[in-house]
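Listed here are the chains, written in short residue letters.
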Amino acid sequence: MRGGIPICFPQFGNCGSLEQHGFARNKMWSIDNDPPPLHPSDSDGKVFVDLLLSPAEEDLKCWPHCFEFRLRVSLGMNGDLAMISRIRNIDAKPFNFSFAYHTYLSVSDISEVRIEGLETLDYLDNLCQRERFTEQGDAITFESEVDRIYLGSPNIIAVIDHEKKRTFVIKKEGLPDVVVWNPWEKKSKSMTDLGDEEYKQMLCVDGAAIERQITLKPGEEWTGRLELSVVPSSYCSDDLDHFRS
Ligand SMILES: O=P(O)(O)OC[C@H]1O[C@H](O)[C@H](O)[C@@H](O)[C@@H]1O
């Protein structure tokens, strides 16, 4: 089954010795009943769950680093979804990792969708051995397979769905990169867990830290936040500015 927001950790894609996108997305997480406190604004007026992932013995064999990964998933009264990841090095030596919230968005028709906020950025093209290019378009639109890592992106991105007249607003912190992925027709046909036509109704836009891995020394903690809201598409640049402030 495909969808949701799989967590890619400690590796993104197949760049490394681990399974594709690392092991975190395939693990059972436990409920964290006593997480270290977050800012009150991360709890007030929200329902949330705190989860914890610690490495199992089999994980330590392929990635020998002791960590605690705390994830808070919260839902605001207005339907906003927020995810806060806190990864702590509880080992005696430093480690590096990559990370992505592999966010599947449901769209009306991929040909009618546009992403704003990534224009003029450099990206690594996964379809060309991660060669580096510069985005030339005014906004990102889709007419074939796309699999890119946009680098050094702003902390707010808009995914505008013209047909549904709605816009996904993605706000992020600690996540400089944005992955944009749609497998399009041919790749969809080779994927057993995606129907042949389902690529038309999906788009992945991931807040991520990939180009420069995160390094944590013993005792250090990293935080990566993602917030997803849906607003009507009367949305324009002024509104974007409002979200930026
Ligand atoms: O099939 P998965 O392991 O879930 O990966 C799905 C996709 O994830 C990311 O978007 C990568 O950039 C793609 O190269 C990959 O195809």
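Not measured: the values here are computed from a predicted model.

The rules behind these values
Residues numbered from 1 in each chain as written. Predicted model: local features only at pLDDT ≥ 70, side-chain atom pairs only at ≥ 80, totals over all residues. Heavy atoms only, no water. Helix = DSSP H or I, 4+ residues; strand = E, 2+ residues; numbered from the N terminus. Buried < 20%, exposed > 50% of the residue type's maximum accessible area, 1.4 Å probe, protein only. Contact = heavy atoms within 4.5 Å. Near = heavy atom within 4 Å. Polar contact = N/O pair within 3.5 Å; in protein donor to acceptor, adjacent residues only side chain to side chain. Areas by Shrake-Rupley, 256 points an atom, 1.4 Å probe, with all protein chains shown as cover. Nonpolar A, V, L, I, M, F, W, Y, C, P; charged D, E, K, R; others polar. UniProt positions renumbered as here; feature names shortened; annotations may be inferred. pLDDT = per-residue confidence, 0-100. Pairing = 2+ DSSP bridges.

## Points about unusual backbone geometry
If a residue is not glycine, its phi is most likely negative; likewise, a peptide bond is most likely trans.
Turning to step 1, where the next piece is worked out: In this chain, Phe 9 is followed by Pro 10 through a cis amide linkage whose omega measures 0 degrees.
Turning to step 2, where the next piece is worked out: By the secondary structure assignment, Pro 10 is in the loop between β1 (7-8) and β2 (30-31).
Turning to step 3, where the next piece is worked out: Even without glycine at this site, His 21 takes up a positive phi of about 65 degrees.
Turning to step 4, where the next piece is worked out: Within the secondary structure, His 21 sits in the loop between β1 and β2.
Turning to step 5, where the next piece is worked out: Unusually for a residue other than glycine, Thr 120 sits at a positive phi of about 70 degrees.
Turning to step 6, where the next piece is worked out: Its place among the elements puts Thr 120 in the loop between β8 (113-116) and β9 (122-125).

## Some details on the environment of Leu 51
Turning to step 1, where the next piece is worked out: By the element assignment, Leu 51 lies in strand β3 (residues 46-53).
Turning to step 2, where the next piece is worked out: Exposure remark for Leu 51: the relative accessible area of 19% places this residue in the buried category.
Turning to step 3, where the next piece is worked out: For the pair Leu 51 and Gln 201, spaced 150 residues apart in the sequence, the C-alpha separation amounts to 30 Å.
Turning to step 4, where the next piece is worked out: When residues no more than four places from it in sequence are discounted, the contact partners of Leu 51 are Trp 29, Ser 30, Ile 31, Asp 32, Phe 69, Arg 70 and Leu 71.

## Side note on the site of the ligand
Turning to step 1, where the next piece is worked out: The environment of the ligand is formed by Arg 2, Phe 12, Gln 20, His 21, Arg 25, His 102, Asn 126, Asp 147, Val 179 and Trp 181.
Turning to step 2, where the next piece is worked out: The side chain of Arg 25 places a nitrogen or oxygen atom 2.8 Å from an oxygen atom of the ligand.
Turning to step 3, where the next piece is worked out: Taking 390 Å² as the accessible area of the ligand by itself, protein coverage stands at 82%.
Turning to step 4, where the next piece is worked out: Of the residues assigned to the shell around the ligand, the class counts are three nonpolar, four polar and three charged.

## Observations regarding the UniProt feature "binding site: substrate" (unreviewed entry) in the chain
Turning to step 1, where the next piece is worked out: The positions that UniProt labels "binding site: substrate" (unreviewed entry) are, in the present scheme, Arg 2, Gln 20 and Arg 25.
Turning to step 2, where the next piece is worked out: Mapped onto the secondary structure, Arg 2 falls in the segment before β1.
Turning to step 3, where the next piece is worked out: Residue classification places Arg 2 among the partly exposed residues on the basis of a relative accessible area of 33%.
Turning to step 4, where the next piece is worked out: A polar contact is formed between the side chain of Arg 2 and the side chain of Tyr 104, at a distance of 2.8 Å.
Turning to step 5, where the next piece is worked out: Tracing the sequence through the fold places Arg 25 in the loop between β1 and β2.
Turning to step 6, where the next piece is worked out: Since its relative accessible area comes to 34%, Arg 25 is described here as partly exposed.
Turning to step 7, where the next piece is worked out: Those residues in contact with Arg 25 that sit more than four places away from it in its chain are Pro 6, Ile 7 and Gln 20.

## Overview of the environment of Tyr 150
Turning to step 1, where the next piece is worked out: Examined against the element boundaries, Tyr 150 turns out to sit in strand β11 (residues 146-150).
Turning to step 2, where the next piece is worked out: Given a relative accessible area of 0%, Tyr 150 falls into the buried group.
Turning to step 3, where the next piece is worked out: The spatial distance from the C-alpha of Tyr 150 to the C-alpha of Ile 115 is 12 Å, given a sequence separation of 35 residues.
Turning to step 4, where the next piece is worked out: For Tyr 150, the side chain forms a polar contact with the side chain of Glu 135, separated by 2.6 Å.

## Notes on the confidence of the model for the chain
Turning to step 1, where the next piece is worked out: For the chain, mean pLDDT is 94; residues scoring 70 or higher make up 95% of the total.
Turning to step 2, where the next piece is worked out: We note a pTM of 0.95 for the whole complex and an ipTM of 0.98 for its interfaces.

## What to know about the pairing of strand β14 (residues 177-182)
Turning to step 1, where the next piece is worked out: Counting buried positions along β14 yields six of six residues, so the element is predominantly enclosed.
Turning to step 2, where the next piece is worked out: Alternating positions in β14 separate into two faces, Asp 177, Val 179 and Trp 181 on one and Val 178, Val 180 and Asn 182 on the other, with burial throughout.
Turning to step 3, where the next piece is worked out: Summarising the sheet, β11 and β14 pair through five bridges and their orientation is antiparallel. Paired with Val 146 across the bridge in β14 is Asn 182.
Turning to step 4, where the next piece is worked out: In this sheet, strand β15 (residues 202-216) lies alongside β14 in antiparallel orientation, the contact comprising five bridges. Among the inter-strand pairings, Val 178 is bridged to a residue of β15, identified as Gly 207.

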